Amino acid sequence: MLAQCADKVHIEEGVEEMSPSAEEAAILYANGGYEDARSVLEHALDTTIPSDARFALWGMLLDLLRLTGQKERFETLSLTFATEFERSPPAWQDLSLQASRGNEAKVQTVNLSGVLGAQAAAQFAQLIQIGMRNGALRIDLTRLRGVDNAGAELLLRAVRGLRRAKIKLSLLGAPHLASVLGGMVKSGKRENQTIWLLFLEILQYTDQQERFEEQALEYAMTFEESPPSWEPPPAVTDSQIEADSLAVEMSDTYVLEGEVTGPNSDILRKISSFAHNRNKVDVDCSRLRRMDFVSAGTLFNVISQLHAQGRLVVLKSVNSMVAALMQVMGVHQVARIELRG
């Protein structure tokens, strides 16, 4: 059931069960049956059911039309909704997969700040997901004050992985980070090998080939193994850069987006590491289009563990179709679910 609290619509634990039609539509949508889900919702709204249940079904139907890009039908049914409930319907927003792909033409900038360490593991999973989805990524390193060995390994794996995947990667502030790393390595001392390798990797994103060759020789002499070769990557042009950026390391919000299905459920498990040292865990679901049944089960298991530890998980801006599936799976019993407007 939906309740209003502090200008946020959320799903409360312990309220009456959702209607069978809402449950059926949620499962159909989770399995990719968009038209079948719409048919179930429209049929249910043609019958006589309690007002609270009707409001929830209307919310699901209008969100489903936004998620499938059916603007004309949305606008027609919005008038019916407004007449029935004497309140404004949600505004039209194209949340369809086609619209999402169109919005991904620009490259997103990810900002790293502070001292990079193991605590950023969950955020790096998001960073890689953004790059893989868009085909290009820009990482701003200018506000990094330092890197420990665990942080160096995270960044090195991310950069190398994205390069192997043929993702266009631009590192803003690479000379700054190269300077920081250069002060952490000592020729002839067989220590901090990961930082050495990250140092050489970052130098390839600068114009300092001569310095790279010198440091590669020092690395070879220190560790008695062949160094990486000079292979500067293709740059991302300024015209591709998205104006809005995403602060990753220092972010207080975990992001779920796109379609989270079985093979991608690792992104759900990383919520646990993001929750480290946090009593309240905010999860931004504003760009989460769909979640399948298996992933919803994984989410429930992850959040149940956090709930047992006394942590509050808040799933923010969830569309009504995904929220209904979460309720089917019992996620509302261990987390707070806030619906998007």
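Look up: the structure comes first, before these words.
Calculation notes
Residues numbered from 1 in each chain as written. Predicted model: local features only at pLDDT ≥ 70, side-chain atom pairs only at ≥ 80, totals over all residues. Heavy atoms only, no water. Helix = DSSP H or I, 4+ residues; strand = E, 2+ residues; numbered from the N terminus. Buried < 20%, exposed > 50% of the residue type's maximum accessible area, 1.4 Å probe, protein only. Contact = heavy atoms within 4.5 Å. Phe/Tyr/Trp six-rings, centres within 6.5 Å; stacked < 30°, edge-to-face > 60°. Expected span 1.5 Å × (residues − 1).

Visitor: Just to check I follow, could you spell out the overall build of the chain for this structure?
Guide: A tally of helices and strands in the chain yields 14 helices and 10 strands. The proportion of buried residues among the 341 residues of the chain is 48%. Here the analysis covers contacts within the chain between residues at least 6 apart in sequence; of these, 74% occur between residues at least 24 apart.

Visitor: Could you clarify how one ought to interpret the packing of aromatic side chains in this entry?
Guide: Remark: the centre distance and the inter-plane angle together describe each pair of aromatic rings, the angle taken between the planes. All told, the structure shown has 11 aromatic pairs when counted by the stated rule. Note on Phe55 and Phe81: the rings are 6.0 Å apart at their centroids and 45° apart in plane angle, and the pair reads as tilted. Linking Phe55 in helix α3 (residues 51–67) with Phe81 in helix α4 (residues 71–85), this pair joins segments that are 26 residues apart in sequence. Overall, the relative accessible area of 23% leaves Phe55 in the partly exposed class. Look at Phe55 and Phe85: their rings are 5.3 Å apart centre to centre, the planes differ by 85°, and that puts the pair in the edge-to-face class. Remark: Phe85 occurs in helix α4 and Phe55 occurs in helix α3; sequence separation between them is 30 residues.

Visitor: Explanation requested: helix α7 (residues 149–164) in the structure shown.
Guide: Structurally, the α-helix is built with 3.6 residues per turn, so residues lying three or four positions apart point the same way. Here α7 is 16 residues long and its end C-alpha atoms lie 22 Å apart, about the 22 Å a rise of 1.5 Å per residue gives. Those residues of α7 that fall on the buried side of the exposure criterion are Gly151, Ala152, Leu154, Leu155, Leu156, Ala158, Val159 and Leu162. Of the residues trailing α7, Lys166 is marked for its positive phi of about 65°.

Visitor: Quick question: what am I supposed to make of helix α2 (residues 34–45) here?
Guide: Over its 12 residues, α2 runs 17 Å from end to end, which matches the ideal 16 Å to within 8%, given 1.5 Å per residue. Of all the residues in α2, the buried ones are Ala37, Arg38, Val40, Leu41, Glu42, Ala44 and Leu45. Where α2 is buried, its residues touch α1 (20–30), α3, α4 and α14 (320–328).

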